[in-house]
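Chain by chain, the residues:
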Amino acid sequence: MSKDIPDRVEIEETSEDNSKRKRTYEAWNHFKRVKVEGIQFAECNYCKTHLKAPAGYGTTHLHKHYEKVCKKRPRKTDIRQSFLKTNQKVSGEQELGTHIFNQEERDGDILKIYKDERTKYYNLLGKIKCRIAITTDMWTSSNNKGFMAVIGHFIDDNWTLQNCILRFLYVPAPHTAEVLADTLVESLMDWNIDRKVSTITVDNCTTNDVMINHLLQKLPTKDMLLDGKVLHMRCCAHILNLIVKDGLDIIGSSIERIRDSVIYWTASPSRVEKFEETARQVPVNCTKKLCLDCKTRWNSTYLMLETAIIYKDVFPRLNVREKNIKSLPTEEDWVNAIEICGKLKLFHQVTEMFSGTLYPTSNFYFQKICDIKMKLDEWVKSPNILIQDMALSMLRKYDKYWEVCHILMGVAVVLDPRYKMSLVEFFFRKIYHESARFKIDEVRQNCYDLLFDYQSRCCTLNESSSSIGSLENTMSSDVHSDVNVDDSLDEFEQFVVSKTSGATNLSATSELDMYLEESLLPRARDFDILNWWKTNGVKFPTLQKMARDILAIPVSTVASKSAFSSSGKLINPHRNRLHHTTVEALMCSRRWLWN
């Protein structure tokens, strides 16, 4: 209640009064006590309004006046970040307004979205009746924290290839094989897919080899395909990188001189302009710009050489006009670069194909690996000593990793109705000559072994269902003990089960034989292998289950690395204080919402 009374007396308080009654209330920063006709009031310092303030009256009404009523109080400029937000009126109409950014609110929103989206994917992975292929890799952020990306790959009920980020979790150092194995097992069990994993694709290194061995000890192998024999899948793109790097080392000096020239002419805008002007004079009809490579990525070296070769006549012309150039590629260097680039084109194309995530890659694996093997055998016979040395170096690395074809990748090409066993026979006869028959039979046997593995799991499920039914019958007979049961037929039921199991195995064998005997489909470029298996499940039910699992297996870890390219934008030298739970929520939620 306010009053405007001129006759007032301001209360002067002594230091003794201040010590006895210490005013700690923030409201009194904006009011002072006055007496009007013997009654105590609080006078606003800004609008001079009087509010009752007897002893023990409290200060809530003072706060309310200062914050909402007083129009003359000083206004502080809010420097907090604000953003546009659509607000809904009571009438239902929407209006555009501003909202002050609040970090705690945003963190809560992020975590809520993360939990909601995670629940959706958790339920999805729990319902699908297929195995899930895993790719995983480690990444070190700009603030030297290690993160593990875990990606799941599967074919959904509509027979569409899907990949889903499962975890992007912080892994404290040291990153030993056992620590990585424990972290991965925890992630798989957290999503309840530890018994549904088909393969785990990782980069080729000793730590990952040991990690897979730890996983085989920690997870039950009875739930794995072929008892864990095919769990480990090496990243093909990484192996290609190792093979080509060994070959490029042979002409390292030539590449280094070309790289030095590219570094010099891309060092400043003025040099780039001078280079482009000279290129127009030569002339060179190309708009590509020189690009510097990353020494640890051979494909970037290939792209650098490919572009530099186009401008090979520009470099010596510039050398006449530029005195500061210390290194100039020789004619022999360009001959070597042209020769090598022609050879590496195949590897570049294969790497791009293996790096696909929107289409199956396992059925391409066999053909491309055989192509590389045949080319290397051909290059070894080249009259050019340099190419011979390069091919021999690459062959040694090839034989180290791919002499023994991964079982599932051989099966994958057989499950392609355009090729089946015919492509295996075609390539193996060219590669292995006299010993080709043994290798062909090995791939065929792998198909039967895997087929029986799938069939036995179906039988186990059926027997489990039968056991449950028998248990229910037993319980029912205990309740109705007066019902006569012919116990002599118990053995007959076991006989029927074993007979059915044998017949099922026979039908599975016949299923594969019938599939292999059918004519090959035409090699159409737009052939949809997933759609073909989706529509042929009635004829080949067990093979359809195999195809759904095997065709989902990625042959590279590019899906994990793509997550790291996004995380590099999220965690950078200028923004590296995000809590690791917030980082995971942001990374996973974004990918889930995109999907």
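Here the structure is a predicted model, which means the values were calculated and not measured.

Calculation notes
- Residues numbered from 1 in each chain as written.
- Predicted model: local features only at pLDDT ≥ 70, side-chain atom pairs only at ≥ 80, totals over all residues.
- Heavy atoms only, no water.
- Axes fitted to C-alpha atoms, helices over the stretch in contact; angles between N-to-C directions.
- Helix = DSSP H or I, 4+ residues; strand = E, 2+ residues; numbered from the N terminus.
- Parallel < 35°, antiparallel > 145°, perpendicular 65-115°, else oblique.
- Left-handed = near helix turned anticlockwise from the far one by under 90°.
- Contact = heavy atoms within 4.5 Å.
- Nonpolar A, V, L, I, M, F, W, Y, C, P; charged D, E, K, R; others polar.
- Salt bridge = Lys/Arg side-chain N within 4 Å of Asp/Glu carboxyl O.
- Buried < 20%, exposed > 50% of the residue type's maximum accessible area, 1.4 Å probe, protein only.
- Pairing = 2+ DSSP bridges.
- Phe/Tyr/Trp six-rings, centres within 6.5 Å; stacked < 30°, edge-to-face > 60°.
- Lys NZ or Arg CZ within 6 Å of the ring centre and 35° of its normal.
- Expected span 1.5 Å × (residues − 1).
- Polar contact = N/O pair within 3.5 Å; in protein donor to acceptor, adjacent residues only side chain to side chain.
- pLDDT = per-residue confidence, 0-100.

K.L.:
Outline the packing of helix H9 (residues 298-310) against helix H11 (residues 331-354), listing residues and values.
P.N.:
Between two packed helices, the angle of one axis relative to the other and the distance separating the axes together describe the packing. Contact geometry of H9 with H11 gives a least axis separation of 9 Å together with a crossing angle of 135°. Considered as vectors, H9 and H11 are oriented oblique to each other. Taken as a pair, H9 and H11 cross one another with a handedness that is left-handed. Contacts from Trp298, Asn299, Tyr302, Leu303, Leu305, Glu306, Ala308 and Ile309 of H9 reach H11 at Trp334, Ala337, Ile338, Cys341, Leu344, Lys345, Phe347, His348 and Thr351. When its residues are assigned to classes, the contact of H9 with H11 shows twelve nonpolar, three polar and two charged.

K.L.:
Talk me through the pattern of salt bridges; I want residue IDs and the actual numbers.
P.N.:
Tallied over the full model, the rule gives 27 salt bridges. The partner of Asp293 in a salt bridge is Arg259, and the shortest N-O contact between them spans 2.8 Å. With Asp293 in the loop between helix H8 (269-281) and H9 and Arg259 in helix H7 (residues 252-265), this pair connects stretches of sequence that are 34 residues apart. Per residue, the accessibility class of Asp293 equals that of Arg259, and both read buried. Lys289 serves as the salt-bridge partner of Glu276, at 2.7 Å between the closest nitrogen and oxygen. You can see Glu276 sitting in helix H8 and its partner Lys289 sitting in the loop between H8 and H9, a full 13 residues away along the chain. What makes Glu276 partly exposed here is its relative accessible area of 28%.

K.L.:
Got a sec to walk through the pairing of strand S8 (residues 146-155)? Specific residues and values, please.
P.N.:
Of all ten residues making up S8, ten are buried, and the element is well covered by its neighbours. With burial as the criterion, each face of S8 is covered, one bearing Gly146, Met148, Val150, Gly152 and Phe154 and the other bearing Phe147, Ala149, Ile151, His153 and Ile155. In the sheet, strand S7 (residues 132-140) pairs with S8 via eight bridges, with the strands oriented antiparallel. In the sheet register, Thr140 faces S8, and the bridge partner there is Gly146. Once S7 ends, the chain turns through five residues before running back antiparallel as S8, passing Asn144 with a positive phi of about 65°. Judged from the nine bridges that link them, S8 and strand S9 (residues 161-170) form a sheet pairing that is antiparallel. Within the sheet, the bridge partner assigned to Ile155 lies in S9 and is Leu161. From the end of S8 to the start of S9, which pair antiparallel, there are five residues, and Trp159 there has a positive phi angle of about 60°.

K.L.:
Residue-level account of unusual backbone geometry, with values.
P.N.:
Cis geometry is found at the peptide bond from Ala173 to Pro174, where omega equals 0°. Mapped onto the elements, Pro174 comes out in the loop between S9 and helix H4 (177-190). In this chain, Val282 is followed by Pro283 through a cis amide linkage whose omega measures -10°. For Asn192, which is not a glycine, the phi torsion comes out positive at approximately 60°. Of note, Asn192 is situated in the loop between H4 and strand S10 (197-202). Positive phi, close to 50°, is recorded for Leu226, a residue that is not glycine. Assignment of secondary structure puts Leu226 in the loop between helix H5 (206-218) and strand S11 (232-234).

K.L.:
I'd love a proper account of the packing of aromatic side chains, names of residues and values included.
P.N.:
As enumerated under the stated definition, the model contains 27 aromatic pairs in all. An aromatic cluster is present here, built from Tyr264, Trp265, Phe275, Tyr311, Phe315 and Trp334 joined pairwise through their rings. A cation over an aromatic ring shows up here: Arg118 above the ring of Trp191, its NZ or CZ 4.7 Å from the ring centre. Over the ring of Tyr170 we find Lys145, and its NZ or CZ is 5.5 Å from the ring centre.

K.L.:
Give a description of helix H6 (residues 236-248) that names residues and reports values.
P.N.:
Its 13 residues give H6 an end-to-end C-alpha distance of 18 Å, which sits within 8% of 18 Å, the value for a rise of 1.5 Å per residue. Of all the residues in H6, the buried ones are Cys236, Ala237, Ile239, Leu240, Asn241, Ile243, Val244, Gly247 and Leu248. Each element contacted by the buried residues of H6 is listed here: S11, H7, H9, H11, helix H12 (362-379) and helix H13 (385-402).

K.L.:
I'd like a rundown of the side chain of Asn208, residues and numbers included.
P.N.:
Among the secondary structure elements, Asn208 is positioned in helix H5. Looking at Asn208, its side chain comes within polar contact range of the main-chain oxygen of Asp203, at 2.8 Å.

K.L.:
Can you explain helix H14 (residues 407-414)? Please cite residues and give values.
P.N.:
With eight of eight residues buried, H14 is to be regarded as a mostly interior element. Of the residues making up H14, those classed as buried are Ile407, Leu408, Met409, Gly410, Val411, Ala412, Val413 and Val414.

K.L.:
Please set out the confidence of the model for the protein chain residue by residue, giving values where relevant.
P.N.:
Residues of the protein chain with pLDDT of at least 70 account for 79%, and the chain-wide mean is 82. Between residues 1-24, whose pLDDT stays under 50, and residues either more than four places distant or in other chains, the model counts 32 contacts.

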